[in-house]
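Coordinate analysis (summary)
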Amino acid sequence: MKRLLKPWGIILLLLGMVGMAVALKPAATQVRPDRPESKDKTLSPYFVVLSGDPEKDLLPLKSTRADVKIAGTVAAVKVTQVYQNQGKKPLEAIYVFPGSTRAAVHAMRMTVGERIIEAQIMEREKARQTYEDAKKEGKTTSLLEQQRPNVFQMNVANILPGEEIKVELNYLELLEPEENVYEFVYPTVVGPRYSNMAAAGAPDTEKWVKNPYLHEGQPPPYTFGLSVDLRSGLPLSQLASPSHDIEVKYAGPAAATVSLKDEKTGGNKDFVLRYALTGDKIQGGLLLYPGKDENFFLMMMEPPARVAADAVVKREYIFIVDVSGSMHGFPLEISKTLMENIIKGLKPHEFFNVLLFESNNAVLSESGSLPATEENKQKAVGFIKEQPGGGGTEILAAMNRALALPRTPGTSRIVVVATDGYVHVEPQTFELIREKLGEANLFAFGIGKSVNRHIIEGMARVGMGEPFIILNPQEAVREAARFQKYIQSPVLTGIKVAFDGFDAYDVEPLNLPDLFSLRPLTLLGKYRGTPSGAIVVKGKTASGDFQQKIPVVQDQASPDNAALRLLWARKRITRLGDLSQLKRGKDEGTIKEITQLGLKYSLMTAYTSFVAVDKVKRADGQVVTVKQPLPLPEGVSDLAVGGYAPGGGPKYAKRSMMPDIAMVRPGASMPKMPPGPLAMKEPIAPPPPSTTVKEKPSPPAAGLKVSVQIAGVKGKIDMAHLKRALDAETAKLAACCEDARKKGVKLAKEITLVFTIGPDGKVAGEILPKPPLASDALTKCLGQAVRGIAFPTPAKPVEVTVKLVLRDK
């Protein structure tokens, strides 16, 4: 029986982290020259602390904006990034940024003064070498590479002191409505990826993971702008953004422009725009593009109406829930709400099991799934709700264990994964699902405001299910109900497509999965000759056989549909990319085909990149290299950033925070957390030195040890949960005390805080230190730390008195 790390060990670890964090505050974000990585150093992201001096911090990205034009079902996006050099030496900027998983990036250009340099598409290694040569020659140059289908990296070299360089890139994206609602998503920040891969010897395609981040709550050090010009073709009935405050101006019943109200904020979460057409219509039908050498088509068939199933199907649900450090706080609370609603909605004839994971994992019932009785559902909800969030994101071990759990005979298995996806092992995850899912469907829920959509969508695609993205708690209840509806009544299954008198070939996708949601069936392909005949779609609904014919006529062909050429190529590259990842990049034939597609259609891929070189020599080739620090996505805590040693447990920063949960057998009760301190499994080791620290870090303040004691509680509240919630934030409370001590504030041996927890689990009213502290900054810091804690939810307000005990080590 596997046990997880004990909370008292976590407290000791977090307190040790505080001293290390103070010692490692860098004076600037300037990067040292590359040097060999130590064997135990990993690709984990790291924190930077800004000095406030532009010449030292050297933050190269001044602004980023997106100008979007949506016509019918296609979005054309122009991304503009402006880089600046406020230092005294030529600069090389490295910026890792996200993109849509469906983006067909087809052009890039760089503006240097009055000169505009169009980028060229090249094989990845050739483009990189062209960039490096130009950099050494003192020419201004830029390089755009794809690290993941939704993660790009921009390098801009030889930015002269006091200069600004503008880089633009263009991409197309196909918008597919769901439940008659269209959604355009523009990701703004790459969340920190958990990694236990050794930095030494890591392939170039993985090194982007080791990226600098700002601390929780710090805004982006650049502006973010966005505008959308929407031409829907049919009258709009709804238009809104659940993510940002927007201004909307209508130019007619089917046209609107959208802009952000504030461009100084909002660059730390995905921009989401949703709209619907009058009468719940969708832009369906057939589009044709007669090209010079190739002809392309796009079919978007409106789905049949959902029919309630009469038959009762016995189902078994396996819930895999991420409770790691990046899920701590806001995302995990959403996940808890989602799981509670899904589990409580299970039918008595159904079965289920739950696996929670972070650095380790724990399962509700090791011997097999439990019947969905009220008692078992309550146990499962309690099992999930008591998790505070902490530790790494060991998703592969969790998936391996969950998919190997005993199956309940005579049931149809549904696997549900809830995570933010902040890992870099997407290919291995997809491969594991392909190999071990068996006769089951997998549904993936992305939790948070800037999730890794590549892994969420990829898991669902490989698992023949559907992806869901939940931005806030209000959506959790709605999405849980939508999930249940999908499972109970699929729209169309056993889908087959035939071509009657229409000479189609190179059709994507090769096979259409079962359709659970009300979204159109989409096919992209090529055709020969004069368009004629029909496309025939067959399948089964809950009421019987389904068949529909979509006529193909010459009038549907238009040169205005040129975007189909790039959209088809992007769709094929996505499928081939899945195969390449499945074979870990060893399939030379697939890699060659992806490369040829990228070069032929001028598309960025994992094996083709854009590079632009100014012909004018402007510097001596000696540059200061800076990685642009990224903000943490909104709602993500500092616990998302840390370092791990390969082959072992965490060495610093993130340690398992899951309580000591035994495996619960059917009919057994949940074990209680032991009351006393428990031994740690391994000693604390110092973190690797940050690669962005130019000067030697100052020595840590004299060792200060902080422990948290609950001195009193007035009212009824879950004491074990309260203790765990406080323990999870000991590091932040200790950091406040460390900072105050460094600034010369004399600290008493004990600090008492009194506050009230409301029924929503949040602190209500003031947080009163007793006696009052001599430092307003310390009072404010402690107050912010306490307000950020995810407390249990009492029935009525509860007054809590907490004592911080400070002593030298």
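I will try to describe carefully the structure that is included in this document. (Residues numbered from 1 in each chain as written. Predicted model: local features only at pLDDT ≥ 70, side-chain atom pairs only at ≥ 80, totals over all residues. Heavy atoms only, no water.)

**Focus on the sheet that holds strand E30 (residues 534–541)**
Here is the rule: By definition, two strands form a pair when at least two bridges between them are found by DSSP. Put simply, DSSP H or I for four residues or longer makes a helix, DSSP E for two residues or longer makes a strand, and each gets a number counted from the N terminus. What counts as an axis is a line fitted to C-alpha atoms, over the stretch in contact for a helix, and the angles between N-to-C directions run from 0 to 180 degrees.
Spatially, three strands are ordered E27-E30-E31 in an open sheet, and the strand pairing comes out antiparallel. The open sheet has two free edges, formed respectively by strand E27 (493–500) and strand E31 (544–551), since each of these has just one partner strand. Strand-to-strand, the axes of this sheet are offset by a mean angle of 15°, without reference to chain direction. For E30 and E31, the ladder comprises eight bridges, and the chain directions are antiparallel. If you follow Lys-538 over to E31, its bridge partner there is Gln-547.

**Re the state of the cysteines**
Under the convention used in this document: A pair of sulfur atoms, both from cysteines and within 2.5 Å, is called a disulfide here. The cut-offs for exposure are 20% and 50% of the maximum accessible area for each residue type, with area from a 1.4 Å probe on protein chains only; residues under the lower value are buried, those over the upper are exposed, and the others partly exposed.
Under the defined criterion, the tally for this structure stands at one disulfide. Note that Cys-736 is cross-linked by a disulfide to Cys-781, the S-S spacing being 2.0 Å. Measuring handedness by torsion sign, the sulfur bridge of Cys-736 and Cys-781 sits at about -75° and is left-handed. Pair noted here: Cys-736 is in helix H13 (residues 730–742) and Cys-781 is in helix H14 (residues 776–787), with a separation of 45 residues, a long-range link. Residue Cys-736 is classed as buried on the basis of its relative accessible area of 4%.

**Some remarks on the sheet that holds strand E10 (residues 164–174)**
Reading across the sheet, the eight strands line up as E6-E5-E10-E3-E2-E13-E16-E15 and stay open at both edges, with mixed pairing between neighbours. Looking at which strands have only one partner, the edges of the open sheet turn out to be strand E6 (115–118) and strand E15 (246–252). Within the sheet, the average angular offset between the axes of one strand and its neighbour, ignoring direction, is 15°.

**A short note on unusual backbone geometry**
Peptide bonds are, in most cases, trans, and in most cases residues other than glycine have a negative phi. Note the cis peptide between Glu-508 and Pro-509, where omega equals -5°. Here Pro-509 shows up in the loop between strand E28 (504–508) and strand E29 (521–527). Phi is positive for Asn-158, close to 60°, though the residue is something other than glycine. Structurally, the position occupied by Asn-158 is in strand E9 (residues 151–159).

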